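The residues making up each chain are set out below.
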Amino acid sequence: MIGKRSEAVINRAVRYAMEHEQEFFTLEHVLWSLLEENDVREAVRACGATAETIREALVRHLDAEIPKAPRREGTDESEGARENPVATLSIQRLIQRAL
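Residues numbered from 1 in each chain as written. Predicted model: local features only at pLDDT ≥ 70, side-chain atom pairs only at ≥ 80, totals over all residues. Heavy atoms only, no water.

Helices and strands together make up the secondary structure of the protein chain, namely five helices and two strands. When its C-alpha atoms are laid out on the principal axes, the protein chain stretches across 50 × 30 × 20 Å. Counting only contacts in the protein chain whose residues sit at least 6 apart along the sequence, the fraction spanning at least 24 positions is 59%. Total accessible area computed for the protein chain in this model is approximately 6,700 Å², and 52% of it derives from carbon and sulfur atoms. Distance between charge centres in the protein chain, computed from 14 positive and 18 negative side chains, equals 6 Å. (Helix = DSSP H or I, 4+ residues; strand = E, 2+ residues; numbered from the N terminus. Contact = heavy atoms within 4.5 Å. Areas by Shrake-Rupley, 256 points an atom, 1.4 Å probe, with all protein chains shown as cover. Lys, Arg positive; Asp, Glu negative; His and termini not counted. Charge placed at Lys NZ, Arg CZ, Asp CG, Glu CD.)

As structure tokens, then:
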């Protein structure tokens, strides 16, 4: 079973992909979510960076590189219904290892 903190990180990452109507859920989404965790923010700060700078770069990357999810069949643009993001192979491996 996956831990509660890990589950919260993954859920936050998936929610980001869904809210931004992205076709895929990637490791970059997980990193974006991890940067909300205090322990991770402290580690990043100890390395001489800031979580905010990394998150901003990740947002730019995700917006530029992850395509929009296709619309669900039978819906039009006014309804805005899109498919849920698909977990990449790397995400599947991450979750398998976490379990």
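That was the structure; now back to the text.
Taken as a whole and judged by the stated rule, the model has six salt bridges. Notably, a salt bridge pairs Glu 36 with Arg 55, separated by 2.0 Å at the nearest N-O pair. In this pair, Glu 36 is assigned in the loop between α2 (27-34) and α3 (38-46) and Arg 55 in helix α4 (residues 51-65), connecting sequence segments 19 residues apart. Residue classification places Arg 55 among the buried positions, given a relative accessible area of 14%. By sharing partners, the salt bridges in this structure join Arg 5, Arg 12, Glu 37 and Asp 39 into a single network. (Salt bridge = Lys/Arg side-chain N within 4 Å of Asp/Glu carboxyl O. Buried < 20%, exposed > 50% of the residue type's maximum accessible area, 1.4 Å probe, protein only.)

So, about the packing of α2 against α4. Remark: α2 packs on α4, axes separated minimally by 10 Å, with the N-to-C direction vectors making an angle of 155°. In terms of orientation, α2 and α4 fall into the roughly antiparallel class. In terms of crossing hand, the pair formed by α2 and α4 is left-handed. Residues Glu 28, His 29, Leu 31 and Trp 32 of α2 form the contact with α4, whose participating residues are Arg 55, Leu 58, Val 59, His 61 and Leu 62. Each residue belonging to the contact of α2 with α4 can be placed in one class, and the counts come to five nonpolar, two polar and two charged. (Axes fitted to C-alpha atoms, helices over the stretch in contact; angles between N-to-C directions. Parallel < 35°, antiparallel > 145°, perpendicular 65-115°, else oblique. Left-handed = near helix turned anticlockwise from the far one by under 90°. Nonpolar A, V, L, I, M, F, W, Y, C, P; charged D, E, K, R; others polar.)

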